[in-house]
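Understanding the architecture of this molecule
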Amino acid sequence: RFNNREPLNSSSSLSLFGTYSLTVMTPKKPQQWLQVVGHAGSFHVGDCGTLLKRFCKGEQQSYLSLMEDSLKPFVPAYHGVVQRDKQDYNVIDNLLIHFNSPAIMDCKMGSRTYLEEELFMSRERPQPRKDMYEKMVAVDPEAPTEQERAQQAVLKSRYMQWRETLSSTTTLGFRIEGFKKANEECRTNFKRTKSREQVTEALNSFVESNKHIVWGYVRRLKQLREVLETSDFFRTHEVVGSSLLFVHDWTGRTGVWMIDFAKTGALPPQVTMDHRTPWVEGNREDGYLWGLDNLIDIFANMLPLT
Ligand SMILES: O=P(O)(O)O[C@H]1[C@H](O)[C@@H](OP(=O)(O)O)[C@H](OP(=O)(O)O)[C@@H](OP(=O)(O)O)[C@H]1O
Ligand SMILES: Nc1ncnc2c1ncn2[C@@H]1O[C@H](COP(=O)(O)OP(=O)(O)O)[C@@H](O)[C@H]1O
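Residues numbered from 1 in each chain as written. Chains lettered and ligands numbered in written order. Predicted model: local features only at pLDDT ≥ 70, side-chain atom pairs only at ≥ 80, totals over all residues. Heavy atoms only, no water.

To keep it simple, the criterion reads: UniProt positions are given in the numbering used here, feature names are shortened, and annotations may be inferred rather than shown by experiment.
Named according to an unreviewed UniProt entry, the protein chain is Kinase originating from Anabas testudineus. As its UniProt record puts it under Sequence similarities (unreviewed entry), the protein chain is described as follows: "Belongs to the inositol phosphokinase (IPK) family."

Listed below in structure tokens is the structure:
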């Protein structure tokens, strides 16, 4: 994975690209794309409404399986691998192209955001990280332990668990990573957005209290839940660190798609999970459906009773 990560909470660090066709007769509209959160520098805008995402083998495998699964309408279409400047990229659909000045939100799904393998590695070969220590103290100077303070570094598993408990990941099974409303700057200051009330307030701000948009999202999320509950892919995979990308615009159009499968992997054949049971080490549960239940419930409660 690409590790060189920069915080994205100022407008200057947003990635906003446009590509123009060189054909003189039929100039194309610039293809708008904007990255809300995630690793800086891992995307390029491709041709014909596509995005190039820095290659990750696990993500490619997930996309290949997803293209054959009932979840296909809920993920960006996958178009294979291309190389640019000696770097491989997975080519996926840009989900923003059918929207007009869209509002975009990234919600990270699940009650766990790191892999059991990462936890194992943290124990076997601890590699305390200074960058994560710095990200931690920037949010809460009191968070590090004595030992972490002395080392000025924290383990990745510790940092990830701290982020989970500080936000709504542990209590609701999802968290808001960031959003960008039309004509506004990107907001990523949700690290402490934890309670149901705080989450509702943030979601309400994202949709600008527009009930029509909320309806659209509830409908789509319920459809997604129905498909997840019978999907072969979902039954056989652990989905960790994946997000739902919410997109709407002033025309009232709404969409929700699953993105980021870098930490999604096939379960060993003997392991089964229901995506709702709480995680204990070894059971591989990711809490994805539990989080989706809560997300649907919170959105639905923003609507008047019928
Ligand atoms: O959001 P903040 O607090 O900045 O923490 C980030 C996110 O958890 C990233 O997950 P995602 O890619 O889902 O956004 C994770 O990448 P991984 O997914 O590779 O674990 C980063 O790990 P490093 O890339 O190791 O820094 C970690 O530093
Ligand atoms: N298919 C897509 N269409 C439009 N925007 C996307 C798409 N995939 C990702 N993005 C944007 O890029 C951000 C980071 O994507 P993600 O796949 O989670 O990257 P990372 O693995 O670096 O976290 C998302 O929050 C979203 O704004």
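1. What about the sheet that holds strand β4 (residues 50-54)?
Here is the rule we go by: By definition, two strands form a pair when at least two bridges between them are found by DSSP. Numbering of helices and strands runs from the N terminus, with a helix taken as a DSSP run of H or I at least four residues long and a strand as a DSSP run of E at least two residues long. Geometry is summarised by axes, namely lines fitted to C-alpha atoms with helices restricted to the contacting stretch, and by angles between N-to-C directions that run from 0 to 180 degrees.
Pairing within the open sheet is antiparallel, and its 4 strands lie in the order β3-β4-β6-β5. Two strands lie at the open edges of the sheet, namely β3 (43-45) and β5 (78-84), each paired on one side alone. The mean inter-strand angle of the sheet, taken between neighbouring strand axes irrespective of direction, is 30 degrees. Alignment of β3 against β4, held across 3 bridges, turns out to be antiparallel. Of the residues in β4, the one forming a bridge with Val 45 is Leu 51.

2. Focus: the site of ligand 2
To keep it simple, the criterion reads: To be near a molecule or strand, a residue needs just one of its heavy atoms within 4 Å of it. Polar contact is the term for a pair of N or O atoms within 3.5 Å; when the atoms are in protein, one must be able to donate a hydrogen and the other to accept it, and sequence-neighboring residues count only if both atoms are side-chain atoms. In these tables, accessible area is a Shrake-Rupley quantity obtained with a 1.4 Å probe, and a residue counts as shielded only by the protein chains included in the view. Gly is put with the polar residues, along with every residue not named as nonpolar or charged; the nonpolar set is Ala, Val, Leu, Ile, Met, Phe, Trp, Tyr, Cys and Pro, and the charged set is Asp, Glu, Lys and Arg. For the domain bounds, the source is a domain assignment made automatically or taken from a database.
Close to ligand 2 lie 22 residues, the nearest being Val 36, His 39, Lys 53, Asp 93 and Asp 106. A distance of 2.9 Å separates a nitrogen atom of ligand 2 from a polar atom in the side chain of Trp 33. At 2.8 Å from an oxygen atom of ligand 2 is found a main-chain nitrogen or oxygen belonging to His 39. A total of 560 Å² of accessible area belongs to ligand 2 in isolation, and the protein chains cover 97% of it. When residues of the shell around ligand 2 are traced back to their parent elements, those giving at least two are β2 (33-34), β4 and β6 (87-93). Of the residues belonging to the shell around ligand 2, the class tally is 12 nonpolar, 5 polar and 5 charged. Here the shell around ligand 2 spans two domains, and each of domain 1 (11-93) and domain 2 (103-300) adds at least three residues to it.

3. Here we look at the nonpolar core
Counted only if it meets this: Residues grouped as a nonpolar core are buried Ala, Val, Leu, Ile, Met, Phe, Trp, Tyr and Cys residues, joined through side-chain atoms within 4.5 Å. For every residue, the accessible area (1.4 Å probe, protein chains only) is compared with the maximum for its type, and the residue is labelled buried under 20%, exposed over 50%, or partly exposed between those bounds. Whether two residues are in contact is decided by their heavy atoms, any of which lying within 4.5 Å being enough.
Within the largest apolar cluster, 63 residues are counted, with the highest numbers of intra-cluster contacts made by Leu 71, Leu 244, Phe 246 and Phe 299. Per-element accounting of this core gives the leading share, 8 residues, to helix α8 (residues 211-228). When residues of this core are assigned to domains, at least three fall in each of domain 1 (11-93) and domain 2 (103-300). For Leu 244, the contacting residues outside a window of four places in its chain are Met 105, Asp 106, Cys 107, Met 109, Leu 221, Leu 224, Val 256, Trp 257, Met 258, Tyr 288, Leu 292 and Leu 295. Counting 11 residues, the second-largest nonpolar core is a separate cluster that includes Leu 119, Met 132, Met 136 and Ala 143.

4. Some points on the pattern of salt bridges
Where charged atoms of side chains with opposite charge meet at close range, the side chains can pair. Threshold: Whenever a carboxyl oxygen of Asp or Glu lies within 4 Å of a side-chain nitrogen of Lys or Arg, that contact is scored as a salt bridge.
The tally for this structure, following the rule as stated, stands at 19 salt bridges. Between Glu 118 and Lys 263 there is a salt bridge, with the nearest N and O atoms lying 3.7 Å from each other. Linking Glu 118 in helix α2 (residues 116-124) with Lys 263 in the loop between β12 (254-259) and β13 (264-266), this pair joins segments that are 145 residues apart in sequence. Using a relative accessible area of 21% as the deciding quantity, one classes Glu 118 as partly exposed. Overall, the relative accessible area of 17% leaves Lys 263 in the buried class. In this structure, Arg 235 and Asp 232 form a salt bridge, with 2.8 Å as the shortest nitrogen-oxygen distance. Of this pair, Arg 235 and Asp 232 both sit in helix α9 (residues 232-235), 3 residues apart, which is roughly one turn of the helix. Among the charged side chains, a network of salt bridges with common partners joins Lys 108, Arg 163, Arg 175 and Glu 177.

5. Comments concerning the sheet that holds strand β8 (residues 174-180)
Strand order in the open sheet made by the 5 strands is β9-β8-β7-β11-β12, with antiparallel pairing throughout. Each end of this open sheet is capped by a strand with a single partner; those strands are β9 (186-187) and β12. Sheet topology note: the strand β11 (residues 243-248)/β12 ladder contains 6 bridges and is antiparallel. Paired with Val 247 across the two strands is Gly 255, which belongs to β12.

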